[in-house]
Amino acid sequence: MKSIILLGGPGVGKGTLADFLKKQTDYIHVSTGDMLRAAIQSGSPVGLEAKSFMETGRLVPDSVVLRIVEERISQDSTGARFMFDGFPRTIEQAEGLDAIFKRLGGSLNHVFNLVVERPVLLRRLTGRRVCKTCGAVYHVTSRPPKQEGVCDVDAGELYQRTDDSEATILNRLEVYEKQTVPLISFYRKKGLLRDIDAGGKAEETDALVLKVLTA
Ligand code: AP5
């Protein structure tokens, strides 16, 4: 079974698209950002190692990320197909993923490169709010909860991620340009890359990607 990658800078809507695809397909969502935030919250050794990198918008070391991804993939049967969100983020991680697939079985079908202009990214990230208990993602203007500060799903408290401050967002964008953008040509050369205009409404992005997956 073949897996997919949702590639793109901070705030392009990878998590929002993944939430939609989870409901429409059998891809298993693997978000390294979510896994690392959970590790920090639980106070595990991985969390302790990742904390300072994430708070400042720098990438967590490749070795740590590859270890948690391999652990996650090995929990499912060899027939499972995955939807990677926010991973890989460096050429080393992409090569590491190939090596994991060689060891555990699996391969890639598509890499969706979500493209959004920078001013839109800034607006999306500064307005993002997340549920403390279930992780549901909102936006103060484009996807507001019914009641301000309260999750529609489980009435949990909404909070702003610590790395969604303007200074850290700018750092994350710079890190993306330097360390992750090289993956675009890496996967284009392999014939796997599909550029997706993700600057419109979330439903438009959802439809573009679903069309490719169900073709
Ligand atoms: P991670 O959690 O992966 O963050 P990110 O890549 O910066 O992406 P975001 O979660 O910020 O954005 P998104 O694209 O998912 O957008 P979303 O759908 O939420 O990583 C965080 C940190 O962890 C990294 O900085 C790093 O330190 C570490 N890390 C993670 N993975 C790593 C790895 N592989 N290697 C090393 N380190 C790693 O949408 C954003 C907002 O916009 C929401 O409010 C949403 O409602 C809104 N929105 C979405 N789509 C639309 C739309 N079409 N129109 C209007 N609003 C929209």
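Scroll up for the structure.
Residues numbered from 1 in each chain as written. Predicted model: local features only at pLDDT ≥ 70, side-chain atom pairs only at ≥ 80, totals over all residues. Heavy atoms only, no water.

A look at the layout of surface pockets
Item 1. In this model, the second largest pocket occupies a volume close to 150 Å³.
Item 2. Forming the walls of the second largest pocket are Gly9, Val12, Asn113, Leu114, Val115, Val116, Arg118, Leu121, Leu173, Tyr176 and Glu177.
Item 3. Taken together, the elements giving at least two residues each to the lining of the second largest pocket come down to strand 4 (107-115), helix 6 (118-126) and helix 7 (166-180).
Item 4. For the lining of the second largest pocket, the per-class residue count stands at seven nonpolar, two polar and two charged. (1 Å grid on protein atoms, 1.4 Å probe; cavity = no way out; pocket = protein on both sides within 12 Å on 5 of 7 lines; lining within 4 Å. Points joined across faces, edges and corners; volume = space filled by probe spheres on them. Helix = DSSP H or I, 4+ residues; strand = E, 2+ residues; numbered from the N terminus. Nonpolar A, V, L, I, M, F, W, Y, C, P; charged D, E, K, R; others polar.)

A few points about the pattern of salt bridges
Pairing of side chains with opposite charge becomes possible as their charged atoms draw close.
Item 1. Using the criterion set out here, one finds 14 salt bridges in the structure.
Item 2. The residue Asp34 makes a salt bridge to Arg37 at a minimum N-O spacing of 2.9 Å. Of the two residues, Asp34 and Arg37 both sit in helix 2 (residues 32-42), three residues apart, roughly one turn of that helix.
Item 3. According to the relative accessible area criterion, Asp34 is partly exposed, its value standing at 41%.
Item 4. Residue classification places Arg37 among the partly exposed positions, given a relative accessible area of 23%.
Item 5. The salt bridge involving Arg188 is made with Asp195; its shortest N-O contact spans 3.1 Å. (Salt bridge = Lys/Arg side-chain N within 4 Å of Asp/Glu carboxyl O. Buried < 20%, exposed > 50% of the residue type's maximum accessible area, 1.4 Å probe, protein only.)

A word on the sheet that holds strand 5 (residues 128-131)
Item 1. One open sheet accounts for three strands, arranged 6-5-7; its pairing is antiparallel. Edge positions in the sheet fall to strand 6 (137-139) and strand 7 (158-159), since each of these pairs with one other strand and no more.
Item 2. Where strand 5 and strand 7 come together, two bridges link them in antiparallel fashion. Residue pairing in the sheet places Cys131 in a bridge with Leu158 of strand 7. (Pairing = 2+ DSSP bridges.)

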